Number of protein chains: 2
Amino acid sequence: MILTVTLNTALDITYRTAALIPHTTHRVTEVVERPGGKGLNVARVLSALGHETVVTGFAGGRTGDVLRELLGAGATARPADGRHGRRGRPRPVDALLPISGSTRRTIAVVDTATGDTTQLNEPGPTVSAAEWTAFLSCYDRLVPGAEAVALCGSLPPGIHVGAYAELIRRARAAGVPVLLDTSGEPLRRGVAARPDLVKPNADELALLTGSRDPLRAAHDTRRRGAHAVIASLGPDGILAATPDGLWRAAPPAPARGNPTGAGDSAVAGILSGLVERLPWPTRLSRAVALSTATVLSPVAGEFDATAYEELLPRIRVTEHPAP
Amino acid sequence: MILTVTLNTALDITYRTAALIPHTTHRVTEVVERPGGKGLNVARVLSALGHETVVTGFAGGRTGDVLRELLGAGATARPADGRHGRRGRPRPVDALLPISGSTRRTIAVVDTATGDTTQLNEPGPTVSAAEWTAFLSCYDRLVPGAEAVALCGSLPPGIHVGAYAELIRRARAAGVPVLLDTSGEPLRRGVAARPDLVKPNADELALLTGSRDPLRAAHDTRRRGAHAVIASLGPDGILAATPDGLWRAAPPAPARGNPTGAGDSAVAGILSGLVERLPWPTRLSRAVALSTATVLSPVAGEFDATAYEELLPRIRVTEHPAP
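Reading the values: the criteria
Residues numbered from 1 in each chain as written. Chains lettered and ligands numbered in written order. Predicted model: local features only at pLDDT ≥ 70, side-chain atom pairs only at ≥ 80, totals over all residues. Heavy atoms only, no water. Helix = DSSP H or I, 4+ residues; strand = E, 2+ residues; numbered from the N terminus. Rg over C-alpha atoms; globule rule 2.2 N^0.38 Å. Buried < 20%, exposed > 50% of the residue type's maximum accessible area, 1.4 Å probe, protein only. Contact = heavy atoms within 4.5 Å. Areas by Shrake-Rupley, 256 points an atom, 1.4 Å probe, with all protein chains shown as cover. Lys, Arg positive; Asp, Glu negative; His and termini not counted. Charge placed at Lys NZ, Arg CZ, Asp CG, Glu CD. Phe/Tyr/Trp six-rings, centres within 6.5 Å; stacked < 30°, edge-to-face > 60°. Pairing = 2+ DSSP bridges. Axes fitted to C-alpha atoms, helices over the stretch in contact; angles between N-to-C directions. Parallel < 35°, antiparallel > 145°, perpendicular 65-115°, else oblique. Left-handed = near helix turned anticlockwise from the far one by under 90°. Nonpolar A, V, L, I, M, F, W, Y, C, P; charged D, E, K, R; others polar.

**Side note on the overall build of chain A**
Phase 1 of the analysis: Helix and strand counts for chain A come out as 10 helices and 15 strands.
Phase 2 of the analysis: Radius of gyration (C-alpha) of chain A: 19 Å, near the 20 Å computed for a compact globule of 323 residues.
Phase 3 of the analysis: Overall size of chain A, expressed as C-alpha extent along the three principal axes, is 55 × 50 × 45 Å.
Phase 4 of the analysis: Classification of the 323 residues of chain A by burial places 57% in the buried group.
Phase 5 of the analysis: Within chain A, contacts between residues separated by at least 24 positions form 67% of all contacts whose residues are at least 6 apart in sequence.
Phase 6 of the analysis: As presented, chain A carries roughly 13,000 Å² of accessible surface, and 52% of it is formed by carbon and sulfur atoms.
Phase 7 of the analysis: The positive charge centre, built from 35 side chains, and the negative charge centre, built from 31, are 3 Å apart in chain A.

In structure tokens form, the structure reads like this:
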């Protein structure tokens, strides 16, 4: 089982409408709701790959109820031909903790003609000290049964900035590999707690290290404490700086589409490869193929299974000499 | 008791954010939810004026649950000093019918600096023939106990375009005065069913009659079947063409602010004056003072009670000679 942690879950709502024009009125033609937050997205992709997953974090209020209902139903928008589905595939197990605050909504307003997206993100609920304590005891019960743990996304208000560092120390004490995918100060503190993996994008790396050179920034991040750094570089693929070597992995051609969730799919690729004990180049091929197939999918945050299978043998992985 | 009908209720959500820029990501700093749809707004203002009200129409799904919960709690955003509240004032009685579809949301994105608003309106739920039949029998039970009926807003999908005409005929058969506030074809059909009052705005009048001259259009609307036409002309106030005479009523000065709900406040002013058997000039003063106090309120759709009381004696009502 792979455990994913999403402290700031969200109900992701997608609206389709004609071109968004500020200060006018718009008729929404299509509404799609799905459980969101990075850890939930990672778990969904892991499930599609056949892995057992457990999702934990917080859910509260009416929006939290809707999120859990959709999570239980496995209800994500999917083409009617079932091409993305797989009969009998495992479903993420819901180990979210109830909180008194209300789970946030995010609204993606997609211009029908161009696919351009305007994002509106509600603030997360404030988590109380008692709720955080309850979470820690739940986390400590779940971690020993996990093959790997992924800590994903932003921290909601009320949770201290060193929260991820604390969760990393507890996973490491239990001997379970832990991946961190966050940004800003929680990433900085988390890296210092020596996680097995971090997956920053180019902006997050630059903010952490002050360098916009991904290679230099990845090495610096390793020096700060991360054992392996998987830097997602958008259409350029992935740069991986690990104890075993340095690799770049890139798709055969840059993909055009909606990048929402591409980073989460990459995390799922890396984690599945880790627990399957695949060598680094195979993990990276999978991560890049999954994230590219997510960009290509007509449904935001889903990956196109056919595109994934076609892409997998075509990812270019190159090893770099040690610096 | 005054009955208001809202076939297409909505959960009105207001987001505050920095200036909306298409195709970028926005952090929402404040989220306010309130029960919406024109008839619910009218009932809320009538309650504030001390009138007993019953609201009917449809509510469904999780969003319908939230709407009914807020309606029951009387939960509308209000300044902390309680200036807009009145202890022990009546609250709208919930006689909404459950439906299998989900009540729509509307999202008003308010730019914090300027107050400019971008509106996103979800489509309403489709109402089945059986649900419409159930509504008619509920309506027929409520109407005989009402001093007046207000039919407000758009029709959700599935409801035939002559629905308001049908509700008008039933109210008239029961001898209960009926006001219609809608637009387009439902207004055209409704007018032909001879309602006691219609309250179009300038655009709705023009669409109905083909004339942008409010006086000419109001007379034409009376010829088409409406007994009295209360045309709301924005900052210019109201033009009333009635069997008893023709009046204009205007605020002392044009108000600057958010016009959301101003028309609904005018409907509440007219209806309260009707059931209190006030003369037309007094009804019109009340309608203009309420709608102006709604524009001036810092909370969209609420009226500023202090502004209302100050404005009431200052509304200019002028009678026009018959044409």
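From this point, things continue past the structure.
**Focus: the packing of aromatic side chains**
Phase 1 of the analysis: Tallied over the entire structure, the rule returns 8 aromatic pairs over all chains.
Phase 2 of the analysis: Judged by centre distance (5.8 Å) and plane angle (80°), the ring pair of Phe303 of chain A and Tyr308 of chain A falls under edge-to-face. Here Phe303 of chain A and Tyr308 of chain A have matching classes, each one buried.
Phase 3 of the analysis: Consider the rings of Phe58 of chain B and Phe135 of chain B, whose centres lie 5.4 Å apart with planes at 50°: the pair is tilted. A residue pair is termed long-range when its members are at least 10 positions apart, and Phe58 of chain B in strand 5 (residues 53–60) and Phe135 of chain B in helix 3 (residues 129–142) qualify at 77 residues. For the residue pair Phe58 of chain B and Phe135 of chain B, the accessibility class agrees, reading buried in each case.
Phase 4 of the analysis: An aromatic cluster of at least three residues, connected via ring pairs, comprises Phe58, Trp132, Phe135 and Tyr139 of chain A.

**With respect to the sheet that holds strand 5 (residues 53–60) of chain A**
Residues and elements named next belong to chain A.
Phase 1 of the analysis: Taken in spatial order, the 10 strands make up an open sheet running 6-5-1-9-10-11-12-13-14-15, and their pairing is mixed. Looking at strand neighbours, the two that pair on one side only are strand 6 (93–99) and strand 15 (316–320), the edges of this open sheet.
Phase 2 of the analysis: Examined bridge by bridge, strand 1 (residues 2–6) and strand 9 (residues 148–152) share 4 bridges and lie parallel to one another. Paired with Leu3 across the two strands is Val149, which belongs to strand 9.
Phase 3 of the analysis: Relative to the sheet, helix 4 (residues 163–173) contacts strand 1, strand 9 and strand 10 (178–181), its axis offset from that of strand 10 by approximately 165°.

**A look at the packing of helix 1 (residues 38–48) of chain A against helix 8 (residues 262–275) of chain A**
All names here are of chain A.
Phase 1 of the analysis: Contact geometry for helix 1 and helix 8: axes closest at 8 Å, N-to-C directions at 55°. Judged by the angle between their axes, helix 1 and helix 8 are oblique. Crossing handedness for the pair helix 1 and helix 8: right-handed. On helix 8, the residues touching Lys38, Asn41, Val42, Val45 and Leu46 of helix 1 are Asp264, Ser265, Val267, Ala268, Leu271 and Ser272.
Phase 2 of the analysis: Looking at the contact of helix 1 with helix 8 residue by residue, the classes come out as 6 nonpolar, 3 polar and 2 charged.

Geometric descriptors of this kind do not, in isolation, establish any biological role.
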